[in-house]
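# Residue-level structural notes
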Amino acid sequence: EGLGVSDHVRWLVPSDEEKVRVLKESVALVSASDYEGFGLNGLESLYLGVPVIARDIPQTRFLCQEYATYFSTPQGLAQEMLDHAHNVDPEHRQQQLMGGRNLVRGAYTLKLMAERIWPLLHEAHKLFWSGRIREDPKNMDVIRTAYEAEHRRNCAYARGPGYAQGPSRFDPTWVRHWRAQAFV
């Protein structure tokens, strides 16, 4: 309130459907987190064509790139909020919004993210099994056989009928299955 923006802010905890509606009606999304591992709210906003005002931290800069407006202090946040509410440069705003939407559509598709994450999940899974072997080296053959059987079963699940060479298509259920195995 002391920053002069309280008349322009609504605090909500909406459902997914409500969130899309509210974002589309918003002047901007404010992402004020000091630490955000993977800020989906900023990407969702960019995808919907809603301007993003974000704290200037590496994670947000990496995700939103030049398509967000950044702040470092509470006063900077207040100024950016007021600028977005009152001082709109339509041409710059349109360029920023189209660029942000194209960024999300090109760099953060489900298929592309799965292709990037799959090798990491597969490596974590192998590390899990190698850890099991280190814990119980006497049963290495039994553990290796269990790993190979599980790997064949998971690959067959991903490919469906006719499994031969390993997974060739992305199946989000399969990735969730591997993630659960790798990080439990």
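The paragraphs below set out a description of the structure included in this document. Note that the structure is a prediction, hence the values are computed from the model and not measured.

## A few points about the nonpolar core
- Leu46, Cys64, Leu103 and Tyr108 are the most contacted members of the largest nonpolar core, which has 14 residues in total.
- Secondary-structure elements contributing two or more residues to this core are helix H2 (40–48), strand S2 (52–55), helix H3 (58–64) and helix H5 (90–107).

## Some thoughts on the sheet that holds S2
- If you walk across this open sheet you meet the three strands as S1-S2-S3, and the pairing is parallel. At either end of the open sheet lies a strand with only one pairing partner, and these are strand S1 (29–31) and strand S3 (69–71). Neighbour to neighbour, the strand axes of the sheet diverge by 20° on average, direction disregarded.
- Bridge count for S2 against S3 is three bridges, and the pairing is parallel. Directly across from alanine 54, in S3, lies its bridge partner tyrosine 70.
- Its contacts with the sheet place H2 against S1 and S2, and it is angled at close to 160° to S1.

## Some remarks on the pattern of salt bridges
- Here the structure, examined in full by the defined rule, presents five salt bridges.
- Ionic pairing is found between aspartate 34 and arginine 55, a salt bridge with its closest N-O pair at 2.9 Å. In this pair, aspartate 34 sits in the loop between S1 and H2 while arginine 55 sits in strand S2, placing the two residues 21 residues apart along the sequence.
- The partner of arginine 61 in a salt bridge is aspartate 56, with the nearest N and O atoms 2.7 Å apart.

## Topic: empty space enclosed by the protein
- In total, this model carries one cavity of 30 Å³ or more according to the counting rule given.
- Quantified by volume, the largest cavity comes out at close to 60 Å³.
- Taken together, ten residues form the lining of the largest cavity, with Ser31, Gly39, Asn41, Thr60 and Leu63 sitting closest to its centre.
- Those elements giving two or more residues to the lining of the largest cavity turn out to be H2 and H3.

## Quick notes on the side chain of serine 45
- Its place among the elements puts serine 45 in helix H2.
- When its relative accessible area of 0% is taken as the criterion, serine 45 is described as buried.
- Among the polar contacts made by the side chain of serine 45, one reaches the main-chain carbonyl oxygen of asparagine 41 at a distance of 3.0 Å.
- Here serine 45 is in contact with Leu23, Leu29, Val50 and Val52, once residues within four sequence places are set aside.

## Observations concerning the packing of aromatic side chains
- What the rule picks out here adds up to zero aromatic pairs.
- Seen from the ring of tyrosine 70, arginine 61 lies directly overhead, with NZ or CZ sitting 3.8 Å from the centre.

About the thresholds
Residues numbered from 1 in each chain as written. Predicted model: local features only at pLDDT ≥ 70, side-chain atom pairs only at ≥ 80, totals over all residues. Heavy atoms only, no water. Core = buried A, V, L, I, M, F, W, Y, C linked by side-chain atoms within 4.5 Å. Buried < 20%, exposed > 50% of the residue type's maximum accessible area, 1.4 Å probe, protein only. Helix = DSSP H or I, 4+ residues; strand = E, 2+ residues; numbered from the N terminus. Pairing = 2+ DSSP bridges. Axes fitted to C-alpha atoms, helices over the stretch in contact; angles between N-to-C directions. Contact = heavy atoms within 4.5 Å. Salt bridge = Lys/Arg side-chain N within 4 Å of Asp/Glu carboxyl O. 1 Å grid on protein atoms, 1.4 Å probe; cavity = no way out; pocket = protein on both sides within 12 Å on 5 of 7 lines; lining within 4 Å. Points joined across faces, edges and corners; volume = space filled by probe spheres on them. Polar contact = N/O pair within 3.5 Å; in protein donor to acceptor, adjacent residues only side chain to side chain. Phe/Tyr/Trp six-rings, centres within 6.5 Å; stacked < 30°, edge-to-face > 60°. Lys NZ or Arg CZ within 6 Å of the ring centre and 35° of its normal.

The quantities given are spatial measurements derived from coordinates; they are silent on function.
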